[in-house]
Amino acid sequence: AKALSRKNVKVDKTRLEVADFVLSDTVAVERKTAEDFVDSIISNRLFEQLNDLTEYDDPLILIEGRDIY
């Protein structure tokens, strides 16, 4: 958020019910580490989160890391 603000990008910090970032009225991003992604699948939490993301026209999932297996 700080890096974006320094580049004159408007950043509003607020708690979201759906997604980790909202980029526009149609785009939301759910961000996960590789470990959290796997844990979310096992716990069934991922599928609930994906369903919630469908309120946006263009939902995205960002998976960070390499140790997915």
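Residues numbered from 1 in each chain as written. Predicted model: local features only at pLDDT ≥ 70, side-chain atom pairs only at ≥ 80, totals over all residues. Heavy atoms only, no water.

Enquirer: Give a description of the overall build of the protein that names residues and reports values.
Expert: The number of helices and strands found in the protein is three helices and three strands. Helices and strands appear in the protein in the N-to-C order α-β-β-α-α-β. With the C-alpha coordinates aligned to their principal axes, the bounding extent of the protein is approximately 40 × 25 × 20 Å. Counting over 69 residues, the protein shows a buried share of 20%. The long-range share in the protein, meaning contacts at least 24 apart out of those at least 6 apart in sequence, stands at 58%. Looking at charge distribution, the protein has the averaged site of its 10 positive side-chain charges lying 11 Å from that of its 15 negative ones. (Helix = DSSP H or I, 4+ residues; strand = E, 2+ residues; numbered from the N terminus. Buried < 20%, exposed > 50% of the residue type's maximum accessible area, 1.4 Å probe, protein only. Contact = heavy atoms within 4.5 Å. Lys, Arg positive; Asp, Glu negative; His and termini not counted. Charge placed at Lys NZ, Arg CZ, Asp CG, Glu CD.)

Enquirer: Which residues make up the packing of helix H2 (residues 34–43) against helix H3 (residues 45–53), and what values do they have?
Expert: Contact geometry of H2 with H3 gives a least axis separation of 5 Å together with a crossing angle of 95°. By the criterion of interaxial angle, the relationship of H2 to H3 is roughly perpendicular. Here Asp36, Phe37, Ser40, Ile41 and Ser43 of H2 come into contact with H3, specifically with Arg45, Leu46, Phe47 and Gln49. By residue class, the composition of the contact of H2 with H3 is four nonpolar, three polar and two charged. (Axes fitted to C-alpha atoms, helices over the stretch in contact; angles between N-to-C directions. Parallel < 35°, antiparallel > 145°, perpendicular 65-115°, else oblique. Nonpolar A, V, L, I, M, F, W, Y, C, P; charged D, E, K, R; others polar.)

Enquirer: Please provide a residue-by-residue account of unusual backbone geometry, values included.
Expert: Even without a glycine there, the phi angle at Asn8 is positive, about 65°. Residue placement: Asn8 occurs in the loop between helix H1 (2–6) and strand S1 (21–22). Within the chain, Ala19 stands out as a residue other than glycine whose phi angle is a positive 75°. Assignment of secondary structure puts Ala19 in the loop between H1 and S1.

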